[in-house]
Each structure stands twice: as C-alpha cells, then as structure tokens.
Amino acid sequence: MSRSIRICSYLALPLIYLLVNVKLAQIGESFPITVVTFLPLLLLLYVDKINLKKLMIALGIGAGLTLFNYIFGTSLNAGKYVTSTLLFIYLVIIIGMVWSIRFKQVSPHNHAKILRFFYLAVGFIVLLAALEMAQIILTGGSSLMEMISKYLIYSNSYVLNFIKFGGKRTTALYFEPAFFALALISIWLCIKQFGIKTPKTDAMILAGIVLSGSFSGVMTFILFYLLEWAFQYLNKDAIRKRLPLAIISLTAFMVGLVFAFPYIATRLGDLGTEGSSSYYRIIGPLVMVGYSLTNIDGMVRFGSLYEYVASFGIFNGADVGKTIDNGLYLLIIYFSWFAVILTAWYLFKVGRMTINAFGNNRNFGVQLYLFTPVSLFFTGSIFSPEYAFLIVCPFIFRKALNITKN
C-alpha cells in the first residue's frame, strides 16, 4: 500500500510541467501564485532522510549572499526589496532541500508508469504548440495563444505583437518561448535519467523547441546531442567496435544541421541587430555587466533591477527594456565578482566531470549538470519557483532512481 502511494506522488511531477506557468492567485503586482509556489511542501512527500548539515550550508551561503548584496548594492527602489529578497531566499531553500534530501526510491516496475505520464505531457504540449503555429501561418495571429495567456503568470503580449509583424513563435502552456523550450529540455533530461533510448520522444521534443523559435533552446539541444555522440564514440573501444555506427549517426546529424543552418544563421545575425530579442538577451546588457564588475556602485540591491536596467536605455523591440532576460547577467548585477567566481568554480567541476565521462556518461549526467549554467541564458526569472522547478526536477529523478548517491 505504501509503495503505491509513493509512486503516485512521483507521478505528480510530469503533470506539474503542464501547470507550472498557470496562475492560481496573485499577491500584489509582481507575485503570482502557482502550484510550484508550494514546491518545498511538495518535496516533503519524497523525503526518505534529510542531511541537515548540507541544508544549513546551503542556507548559510544564501544568507551570506543576501547580506553581501544588501551591504554593497545600490538601492533604487526600496519598496520592492523585500519581495525580491524573499524570492531569492525561496530559491535557496528549494535548491538546498534538493541537495540535502535523500529521496524515496522508485521501484523499477513503476518506471513505465512515470515515463507514460511524461510522454503524455510532451505530446500534449507539442500538439498545442503545433496548433498555435498552424493558426499563425493560416491567419497571421493566434487566438489560441491569447486565450491561454489569460491564465498564465505573465502576459505574452510581446509575443503576440511579434506575430502581428510576421514573426512565427509559439509558447504552448508557457509565458514566453524561451521558457517553453527550457521546460521541454527539462522534461527531456528527466526522461533520460531512466536510461532508455526514446528516439520518437526526442524528435517530438526537438520539434517543440523548433516551434518555440528559441535559439537558446535549439543550440542547447544540439550541444547536448553532440556531447552524447562524443561520449559514446570518442574512446578507443567504441571507435574500434562501433566506427560505422558512429559515422552514420554523425552524418545524419550533419544533414539535419544543414537544413537548420538558415535558421541558425538568421538568429546569429540577430545578435547584431539592436532591438531584437537575441541582442537584448546577450549583447545589449554587456554594458551593465561591465559596469557592475568595474565600478563600486555598479552592483544593485534586490528589487531595484527595473530602474537600473531602464537607466541604460537598451531597446527591447520598440520600447526601452526594463528587465534582464539573461540569468547569468542578473547574478553579476546582484553579486558582482562573487557570481563570476562561483560560476567559474561550477564550470570547472562540470569540466572535470566531462573529461571523465567518455564511454561512461551515465544517463546524460554531464548534460544534467551543464543544464544549470546553460539555463541561465534562457530567462532572467531565475529567482522564481517556476524556474527552480525546471532545474531541480531532473535532479529529483536522478536521486530517486538511485543513479547517484543521495
């Protein structure tokens, strides 16, 4: 009896991907309530044992960073400081819990049930995106996207405006294309933790990412697949035994890359076009990042981001942008060189893992740990519970499936 209850609790995770951006309620102007707002409580369903030492270390690091930001950051909007700080602390709690919890183990005979729920979630999301794209192509707009937008945590009006001017991007059940792609990659990594080949699901997820129009999503998927090819075939035993298969798979990948090249070239060209989403996400904010790293008053306190970004006058489309759509840049603006040092340390650890993964990248382990820093380039909403869920869910399954020690 207890075993069935345990499995039912894990079945909830694939379903949450369908609801992660659905707004249940609203506190104030900038704090939407979703099902993942209660993620710390949800995690308690899966606890077998918790390492209090690890949890205290995580909370201590979070408290130290919060104090550092308060002491050295410049306040431009004291009214939003508390809300922004609470969001950061909430993120620290979620990450700390996932790191310190030993999760209840999933029995092998229940793997198929959980995977079935993931397949259904992927099918529904991608089908919805395909319907949105069909409507965009046929009518030049998307009433379906407008209807869904009413129930989401944030409006996707800027995407709808983009479509009116001839753009073709979809959001499915999410508030922006990049978050849509991020959700699909997160689901993909959850599925990969089960250690099985799923070519049909892989193709469906790639199709969804392409429908989103997220350049970050497409490039991340290409990177992760190239890594897996390298880990499988670039070692002495594999080259000797499976050279023909390696050549065939690489050839198939290169053919696909040729077809995708016009899109990739266009999006790379957008990096130099002021006002484009790619420019606003990657190139435009570099002036803020440089200022934060080279000036004593360049770091801002929590809650003051809108005013800080607006002061630089960087255009996002036809309007001056007030947000940072790049999580790494956001961390640097809030924590200056601390963010750079911590990111470099983490990437060094992943680099060592990568070197040791040739021939033994168990269940896409390198891609999973690389997903965290790569995901920072998808969105600036990295302090939100919604973003936290996408990051930690694959780790939950990795630990619950006993792939690594808890």
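Check the entry above for the structure.
Residues numbered from 1 in each chain as written. Predicted model: local features only at pLDDT ≥ 70, side-chain atom pairs only at ≥ 80, totals over all residues. Heavy atoms only, no water.

1. Some words on the overall build of the protein
For step 1, the next point in the chain: Within the protein, the secondary structure is distributed over 18 helices and six strands.
For step 2, the next point in the chain: Expected size for 406 residues packed as a compact globule is a radius of gyration near 22 Å; at 21 Å, the protein falls within 12% of this value.
For step 3, the next point in the chain: For the C-alpha atoms alone, the extent of the protein along its principal axes is close to 60 × 55 × 45 Å.
For step 4, the next point in the chain: Burial statistics for the protein: of 406 residues in total, 50% are counted as buried. (Helix = DSSP H or I, 4+ residues; strand = E, 2+ residues; numbered from the N terminus. Rg over C-alpha atoms; globule rule 2.2 N^0.38 Å. Buried < 20%, exposed > 50% of the residue type's maximum accessible area, 1.4 Å probe, protein only.)

2. Some words on a nonpolar patch on the surface
For step 1, the next point in the chain: A cluster of nonpolar residues, Leu-24, Phe-38, Leu-41 and Leu-44, forms a patch on the protein surface that exposes about 430 Å² of accessible area.
For step 2, the next point in the chain: One can find Leu-24 in the loop between helix 1 (2–19) and strand 1 (25–27).
For step 3, the next point in the chain: Residue class for Leu-24 comes out exposed when judged on its relative accessible area of 57%. (Patch = residues over 30% accessible without salt bridge, like charges linked within 9 Å, V, L, I, M, F, W, Y side chains within 5 Å. Areas by Shrake-Rupley, 256 points an atom, 1.4 Å probe, with all protein chains shown as cover. Salt bridge = Lys/Arg side-chain N within 4 Å of Asp/Glu carboxyl O.)

3. A closer look at the pattern of salt bridges
For step 1, the next point in the chain: Taken as a whole and judged by the stated rule, the model has two salt bridges.
For step 2, the next point in the chain: The salt bridge partner of Asp-202 is Lys-192, with a shortest N-O separation of 3.1 Å. On the criterion of sequence distance, the pair formed by Asp-202 in helix 9 (residues 199–212) and Lys-192 in helix 8 (residues 177–192) is long-range, its members being 10 residues apart.
For step 3, the next point in the chain: Residue Lys-192 is classed as buried on the basis of its relative accessible area, which comes to 5%.

4. Describing the environment of Gly-380
For step 1, the next point in the chain: Secondary-structure assignment places Gly-380 in the loop between helix 17 (365–375) and helix 18 (385–400).
For step 2, the next point in the chain: When sequence neighbours within four positions are dropped, the list of residues in contact with Gly-380 reads Ile-324, Asp-325, Asn-326, Gly-327 and Leu-330. (Contact = heavy atoms within 4.5 Å.)

5. A word on the packing of helix 9 against helix 10 (residues 215–233)
For step 1, the next point in the chain: At a minimum axis separation of 9 Å, helix 9 and helix 10 run at an interaxial angle of 150 degrees. Our classification of the angle between helix 9 and helix 10 gives roughly antiparallel. Taken as a pair, helix 9 and helix 10 cross one another with a handedness that is left-handed. Contact residues: Asp-202, Ile-205, Leu-206 and Ile-209 in helix 9; Gly-217, Val-218, Phe-221 and Tyr-225 in helix 10.
For step 2, the next point in the chain: Of the residues assigned to the contact of helix 9 with helix 10, the class counts are six nonpolar, one polar and one charged. (Axes fitted to C-alpha atoms, helices over the stretch in contact; angles between N-to-C directions. Parallel < 35°, antiparallel > 145°, perpendicular 65-115°, else oblique. Left-handed = near helix turned anticlockwise from the far one by under 90°. Nonpolar A, V, L, I, M, F, W, Y, C, P; charged D, E, K, R; others polar.)

6. Some thoughts on the side chain of Ser-336
For step 1, the next point in the chain: Along the chain, Ser-336 falls in the loop between helix 15 (327–335) and helix 16 (337–355).
For step 2, the next point in the chain: Ser-336 sits in the buried class, given a relative accessible area of 10%.
For step 3, the next point in the chain: Polar side-chain contacts of Ser-336 include one of 3.2 Å to the backbone oxygen of Ser-292.
For step 4, the next point in the chain: Excluding residues within four positions of it along the chain, Ser-336 makes contact with Ser-292, Leu-293, Met-299 and Leu-331. (Polar contact = N/O pair within 3.5 Å; in protein donor to acceptor, adjacent residues only side chain to side chain.)

7. Details of the state of the cysteines
Structurally, a disulfide amounts to a covalent bond that connects the sulfur atoms of two cysteines.
For step 1, the next point in the chain: For the structure shown, the criterion picks out zero disulfides.
For step 2, the next point in the chain: Cys-190 takes part in no disulfide bond, and the closest cysteine sulfur, belonging to Cys-393, lies 3.9 Å away.
For step 3, the next point in the chain: When its relative accessible area of 0% is taken as the criterion, Cys-393 is described as buried. (Disulfide = S-S within 2.5 Å.)

8. Looking at helix 7 (residues 157–164)
For an α-helix the count is 3.6 residues per turn, leaving residues at separations of three or four pointing the same way.
For step 1, the next point in the chain: Considered for burial, the residues of helix 7 that qualify are Val-159, Leu-160 and Ile-163. Burial along helix 7 is one-sided: seen end-on, the buried residues are contained in an arc of 100 degrees.
For step 2, the next point in the chain: Just downstream of helix 7, Gly-166 is the residue with a positive phi angle, here 100 degrees. (Arc of directions from axis to C-beta.)

9. What to know about helix 16
For step 1, the next point in the chain: Here helix 16 spans 27 Å end to end across 19 residues, near enough to the 27 Å set by a 1.5 Å rise per residue.
For step 2, the next point in the chain: Taken as a whole, helix 16 has its buried residues at Ala-339, Thr-343, Val-350 and Thr-354. Taken down its axis, helix 16 places every buried residue within 50 degrees of arc, on the same side. Of the exposed residues in helix 16, the ones pointing more than 90 degrees away from its buried face are Ile-341, Trp-345, Phe-348 and Ile-355. (Expected span 1.5 Å × (residues − 1).)

10. Quick notes on the nonpolar core
For step 1, the next point in the chain: Membership of the largest hydrophobic core comes to 111 residues, with the highest contact counts inside it found for Tyr-10, Leu-13, Tyr-174, Phe-335, Phe-383, Phe-389 and Phe-397.
For step 2, the next point in the chain: Of all the elements, helix 8 adds the most residues to this core, at 12 residues.
For step 3, the next point in the chain: The residues touching Phe-397, leaving out its near neighbours within four places in the chain, are Tyr-10, Leu-13, Ile-114, Phe-118, Cys-190, Gln-193 and Phe-194.
For step 4, the next point in the chain: Counting residues in each nonpolar core, the second largest holds five residues, with Met-145, Val-159, Leu-160 and Ile-163 among its members. (Core = buried A, V, L, I, M, F, W, Y, C linked by side-chain atoms within 4.5 Å.)

11. Considering the side chain of Ser-84
For step 1, the next point in the chain: Inspection of the secondary structure assignment puts Ser-84 in helix 4 (residues 81–100).
For step 2, the next point in the chain: Taking relative accessible area as the criterion, Ser-84 reaches 11% and is therefore assigned buried.
For step 3, the next point in the chain: The residues contacting Ser-84, other than those within four sequence positions of it, are Phe-302, Gly-303, Tyr-334 and Phe-383.

12. Considerations on unusual backbone geometry
For step 1, the next point in the chain: We note that Ser-336 has phi near 55 degrees; this positive angle belongs to a residue other than glycine.
For step 2, the next point in the chain: Even without being glycine, Phe-364 reaches a positive phi, approximately 60 degrees.
For step 3, the next point in the chain: If you trace the backbone, Phe-364 turns up in the loop between helix 16 and helix 17.

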